[in-house]
Amino acid sequence: MAYCYIKWSADRKRCDVWNGPVLGKTAMAARGYERVETLPVLPAAERPLESMEFSKYKAVRKLMDAGLWRQVKDGLTEEERDFLYLARSFSLADPNFAAIYAKLKPVVPLLDEWLRECECDA
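The text that follows walks through the structure, step by step, so that each part is easy to find. Computed from a prediction, not measured in an experiment: that's the story for all the values here.

1. Quick look at the sheet that holds strand β3 (residues 34-36)
Then, in step 1: Spatial strand order, β2-β1-β3: three strands in an open sheet with antiparallel pairing. Each of the sheet's edge strands pairs with one partner strand only, and the pair in question is β2 (15-17) and β3. Across this sheet, the average inter-strand angle for adjacent strands is 40°, counted without regard to direction.
Then, in step 2: Direction of pairing for strand β1 (residues 4-8) relative to β2: antiparallel, over a ladder of three bridges. Looking across to β2, one finds that I6 is bridged to V17.

Have a look at this one:
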């Protein structure tokens, strides 16, 4: 049976998955990792944004409702607008959307909270 090693954060709301070579059960435990057969499912409010996929439609609606869409759209480069137009959904793991996120973060204080509300439906 396949297994992996994880290390919980102090508040047990996040965990890091070990991606290196397994050093043995005792050595992994000494480093704070525990062996699990399946990764824990964390609530959206506790998962890193980089691990989530977002609905472009929901995100744009959220910005429109807040009266920020025109300002955001005008602040994008032509290439960023092209990526945004072509995408059905987006992830911050994609460098193109991570760059857009970095631009928006100072302008939209509730951006992280809003993005969590825009996660793609399963």
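Anyway, onward from the coordinates.
2. Re the pattern of salt bridges
Then, in step 1: In total, this model carries five salt bridges according to the counting rule given.
Then, in step 2: As a salt-bridge pair, D121 and K58 come within 3.1 Å of each other at their nearest N and O atoms. Of this pair, D121 sits in the segment after α6 (111-117) while K58 sits in helix α2 (residues 56-65), and the two are 63 residues apart along the sequence.
Then, in step 3: Here K62 ties to E117 by a salt bridge, and the two come within 2.3 Å at their closest N and O atoms. On the criterion of sequence distance, the pair formed by K62 in helix α2 and E117 in helix α6 is long-range, its members being 55 residues apart.
Then, in step 4: Judged by relative accessible area, K62 falls into the partly exposed class, the value being 24%.

What counts as what
Residues numbered from 1 in each chain as written. Predicted model: local features only at pLDDT ≥ 70, side-chain atom pairs only at ≥ 80, totals over all residues. Heavy atoms only, no water. Pairing = 2+ DSSP bridges. Helix = DSSP H or I, 4+ residues; strand = E, 2+ residues; numbered from the N terminus. Axes fitted to C-alpha atoms, helices over the stretch in contact; angles between N-to-C directions. Salt bridge = Lys/Arg side-chain N within 4 Å of Asp/Glu carboxyl O. Buried < 20%, exposed > 50% of the residue type's maximum accessible area, 1.4 Å probe, protein only.

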